[in-house]
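Here is how the chains run, residue by residue.
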Amino acid sequence: MSFGIDDLPVRDELRGKSPYGAPQLDVPVRLNTNENPYPLPEPLVERIAERVREAARDLNRYPDRDAVELRTQLAKYLTDTSGYRVGTENVWAANGSNEVIQQLLQTFGGPGRTAIGFEPSYSMHGLIARGTGTGWISGPRNEDFTIDLAAAERAVAEHRPDVVFVTTPNNPTGTAVPAGTVLALYEAAQRAKPSMVVVDEAYVEFSHGDSLLPLLEGRPNLVVSRTMSKAFGAAGLRLGYLAAHPAVVDAVQLVRLPYHLSAVTQATALAALEHTGTLLKYVEQLKSERDRLMGELLATGYEVTASDANFVQFGRFEDAHAVWRQILDRGVLVRDNGVPGWLRVTAGTPEENDAFLDAVRELKKEQS
Ligand code: PMP
């Protein structure tokens, strides 16, 4: 027997656990991790090379620890797209929104504290909670994957969590959460005890509705987290950010590692933000492909969950994992998130989506 993790003196709560990870398989059509299928446009690639070359001249020095220029540009992007004024002092950035979430849990969670999410939802919320020693509470959802507000309020009153996660649009279901629900949860959470409510808007650019950024007004315990991994088509960049009261930005700096955001990352993200208009053009295309996927899946006899994101949850299957495998056998990788009866497909290019639709139509025919 070989020496493994459990032979090491690892923390008890990590024993027997598996790391997060969607399979990174080499198949022709990969629609499993909600990436943007379009490579960055060539002029932007050139601009990145230019800005990184400039940054390289100073790599003997540590980067701007507070990433002020980048936070200023992110704030401008949020203000321009939401109409709600966000300033540099309201924004914090890190290596992917996963790191933003980790910093929030290190700051507001931790040993002896708890966080709640309404599941099925983004599994990393619970995993990062575990990694930071924060107790995890799995809150309820309705059968149709909307948040059951009364049950959610009861769960918050009963458990009095320190951090409440609301993902909108939700992953893996695509479900948007109405502003009224978030407001009610914020009130319920504050009634239970002073606690942070984190609205994870990783997919908001694909939504039919608006960002919940305006809810930040007068609510210092509310945080909105965002990412450049989806709408900006820059998952490889690893750049996530949050908007909140300046006190929250001060607080996360207590736990961030010094110089956590490399000069190369900051330069690349700034170059991408110069090309916001071009990058967001793809969003409209992906939204219409998402709607086409929903329509075609329904027409083929599958069920779908109404989606506001760049992916669609479809089913229902007695054995979702077996269907996942059958789709993979046809050269298309989708995601089995472990939601019983359902799978998730990311909206790709029209050609990729056609390949997926051909595969699931074929499966339907074989079954009938
Ligand atoms: N939040 C949600 C809801 C997500 O689905 C993801 C990525 N799958 C993230 C956050 C993290 O994204 P990143 O770390 O790439 O910013």
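Quick caveat, the model's predicted, so the values are computed rather than measured. Residue indices begin from 1 for each chain and proceed along its sequence in written order. The predicted nature of this model means local features are confined to residues of pLDDT at least 70 and side-chain atom pairs, given and counted, to a pLDDT of 80 or more, with totals for whole chains, interfaces and linings taken over all residues.

Here's the deal with the UniProt feature "modified residue: N6-(pyridoxal phosphate)lysine" (unreviewed entry) in the chain
Operational definition: UniProt positions are given in the numbering used here, feature names are shortened, and annotations may be inferred rather than shown by experiment. By the criteria applied, helices consist of DSSP H or I runs no shorter than four residues and strands consist of E runs no shorter than two, each listed in order from the N terminus. For the purpose of contact definition, each residue receives a C-beta atom placed from its backbone, and two residues are in contact when these atoms lie within 7 Å.
The UniProt record marks Lys230 with the feature "modified residue: N6-(pyridoxal phosphate)lysine" (unreviewed entry), using the residue numbering of this structure. Tracing the sequence through the fold places Lys230 in the loop between β7 (222-227) and β8 (240-244). Each residue touching Lys230, except ones within four places of it in the same chain, is listed here: Asn34, Asn36, Ala202, Tyr203 and Asn310.

What to know about the site of the ligand
Put simply, the rule is: Whether a residue is near a molecule or strand depends on its C-beta atom, placed from the backbone, lying within 6 Å of it. Think of it as three bins: nonpolar holds Ala, Val, Leu, Ile, Met, Phe, Trp, Tyr, Cys and Pro, charged holds Asp, Glu, Lys and Arg, and polar takes everything else, Gly as well.
The environment of the ligand is formed by 13 residues, the closest being Gly96, Ser97, Ala202, Thr227 and Ser229. Looking at the shell around the ligand element by element, the count peaks at 3 residues for helix α3 (residues 96-108). Here the shell around the ligand is composed, by residue class, of 3 nonpolar, 9 polar and 1 charged.

As for the sheet that holds strand β9 (residues 303-304)
The following threshold applies: Any two strands are treated as partners once DSSP identifies two or more bridges connecting them. Only the stretch in contact is used when a helix axis is fitted, and all axes are lines through C-alpha atoms; the angle between N-to-C directions ranges over 0 to 180 degrees.
Strand order in the open sheet made by the 3 strands is β9-β10-β12, with antiparallel pairing throughout. For this open sheet the edge positions go to β9 and β12 (342-346), each flanked by a neighbour on one side alone. Judged from the 5 bridges that link them, strand β10 (residues 311-315) and β12 form a sheet pairing that is antiparallel. What sits directly across from Phe311, in β12, is Thr346. Strands β9, β10 and β12 of the sheet are contacted by helix α9 (residues 276-299), whose axis makes an angle of about 10° with β10.

Focus: the domain arrangement of the chain
This is how the line gets drawn: What marks off one domain from the next here is an automatic or database domain assignment.
What the domain assignment lists for the chain is domain 1 (5-41 + 278-367) and domain 2 (57-275). Averaged C-alpha coordinates put domain 1 and domain 2 at centres separated by 24 Å. Taken together, the contacts link 28 residues of domain 1 with 26 residues of domain 2. Every element with two or more residues in the side of domain 1 that touches domain 2 is listed here: α9 and β10. No other element matches the 8 residues that α9 contributes to the side of domain 1 that touches domain 2. Tallied by class, the residues present in the side of domain 1 that touches domain 2 amount to 13 nonpolar, 8 polar and 7 charged.

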